[in-house]
Amino acid sequence: MTTPRVAYALALGDDALVLAQRLGEWVARAPELEEDVALANIALDLLGQARTLLRYAGDLEGAGRDEDALAYWRDDRDFRNALLVELPNGDFAVTMARQLVFAAYQYELYDRLRASSDDTLAAVAGKAVKEVHYHRDHATQWVLRLGDGTDESRRRMVAGLATVWPYADELFQPDDATAALVADGVAVDPPTLREPWTSYVEGVLAEAGLELPEAAAPRSGGRRGLHTEHLGFLLAEMQHLHRSHPGATW
Amino acid sequence: MVTTTQDLREIVATVPDPELPVVTIEQLGILRDVRVGPSGHVTVDITPTYSGCPAMDAIRADIVARLAEHGIHSVDVRTELAPAWTTDWITPDGRAALEEHGIAPPGRDTLLSRGRKSHGPAAPIDLTLSVRCPHCGSPDTRELSRFGSTACKALWVCRACQEPFDHVKAL
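Now for a look at the structure at hand. The numbering scheme is per chain: residues are counted from 1 as the chain's sequence reads. The lettering of chains begins at A and the numbering of ligands begins at 1, in the order of writing. Note on the predicted model: pLDDT of at least 70 is required for a residue's local features to be given, and 80 or more for side-chain atom pairs to be given and counted; whole-chain, interface and lining totals, by contrast, use all residues. Derived side-chain values reflect all non-hydrogen atoms in the structure, with water molecules and hydrogen atoms excluded from consideration.

**Structural notes on the overall build of chain A**
By the criteria applied, helices consist of DSSP H or I runs no shorter than four residues and strands consist of E runs no shorter than two, each listed in order from the N terminus. Assigned secondary structure in chain A consists of 10 helices and 0 strands. Ordered by position from N to C terminus, the α and β elements of chain A give α-α-α-α-α-α-α-α-α-α. The size measure is the radius of gyration over C-alpha atoms, and the globule rule it meets is 2.2 Å times the number of residues to the 0.38 power. The C-alpha atoms of chain A give 18 Å as radius of gyration, which agrees with the globular expectation for 250 residues (18 Å, within 12%). For chain A, the spread of C-alpha atoms along the principal axes amounts to about 55 × 45 × 30 Å. Categorising residues by exposure relies on relative accessible area from a 1.4 Å probe, with only protein chains included: less than 20% of the type maximum marks a residue as buried, more than 50% marks it as exposed, and the intermediate range marks it as partly exposed. Within chain A, the proportion of its 250 residues that are buried is 54%. Only the protein chains shown count as covering a residue, and every accessible area follows the Shrake-Rupley method with a 1.4 Å probe. When the accessible surface of chain A is split by element, carbon and sulfur atoms take 52% of a total near 10,600 Å². We count Lys and Arg on the positive side and Asp and Glu on the negative side, and we leave His and both chain ends out. Here the site of a charge means NZ on Lys, CZ on Arg, CG on Asp, or CD on Glu. Positive and negative side-chain charges of chain A, numbering 24 and 40 respectively, have mean locations separated by a distance of 2 Å.

**A word on helix H2 (residues 56–69) of chain B**
All names here are of chain B. The terminal C-alpha atoms of H2, which comprises 14 residues, lie 20 Å apart, in line with the 20 Å expected from a rise of 1.5 Å per residue. Turning to H2, its buried residues number three or more, namely Met56, Ile59, Ile63 and Leu67. Buried positions in H2, seen along its axis, are confined to an arc of 65° and lie on one side of it. The secondary structure elements touched by the buried residues of H2 are helix H1 (5–12), strand S2 (42–46) and strand S3 (75–79). Gly71 lies just past H2 and shows a positive phi near 80°. Any helix carries an expected span of 1.5 Å times its number of residues minus one. When we speak of the arc, we mean the arc of directions from the helix axis to the C-beta atoms. We call two residues in contact whenever any of their non-hydrogen atoms come within 4.5 Å of each other.

Bear in mind that shape data such as this cannot, by itself, settle questions of function.
As structure tokens, this is what we get:
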């Protein structure tokens, strides 16, 4: 049964899973070898978080679905990730803009979720917050380097931020499922993350000599299963092996 | 026949880490507990270094195999996330073994400011610790990449002897 707690664990797990898949696409295509390794490492951290969260969602649901069933046998309308993480990678600056926006959000989220009254969520957050600190720093270093670099790198960084900016708002929107959990101290109320997130991101942009992107109409829907056209293609690649050969292992 | 918890712990403690085979899982601080139940069933608790550490399955299998060599077949290996692993749990002999094999342990030698402040209100100044080259011992080293060959390591290079080396990053 999809209780609010199942929905919450799925949303957190799907964010991590979908972004892990996206970052994995950079392997062997990044601007330098060190970035192949760095992005693969970040993706691996996210995948580890996703596995625990999806396993927990499946256990709570009680319908016999394990982490693989949830990752490979749901269709796009059943995924609860924010739209931001499913966006195509674009060029490296778009990916770094997304990394800054998302890692800064995830850091504030996990930092508070450590105090959750739910032991499993608190344990995942306690583990992950230290990993995400590295992710946030990695994105910060690149945004500074590109924003404060050459005319071309700056142009691309500005364009990258403009691409992802409309999708940041969804991360901080309240929703009914989460509201029920906030009162019990299980979940973190998304709107409370906006201020510390803004403070961090604005600090990085200021240091990089970049202006805040112009306000654009916010895009949302992922938490309700209404995704961009990009998620279906991502899932097709991620799920096809398991669906063609159910239970395949190596 | 092995029966005591202490004996069992000593057996499990000899299992090497698959990705850092110069140290055991106990030296790395990922072996948390070994218990034996009244019926002789053995439960081993381990903790991952990073959430996505791909070595966990191999470690689990190695523990089961090592105990089987001693005639113990009723074994559960459980993964515990809390409290989260930290590099502080690497034992002193584990740190020495890493260094001896050219991997710089997470160190606390010299405080160096990275010269860039953290963001946010009243944020602390980010400090990073100088890493001593495991080859020549020089503290004159620099980070090439925060992310190395495994999730728990970063790639560094020594300015004195020019050798690159792995560094287990503080977590």
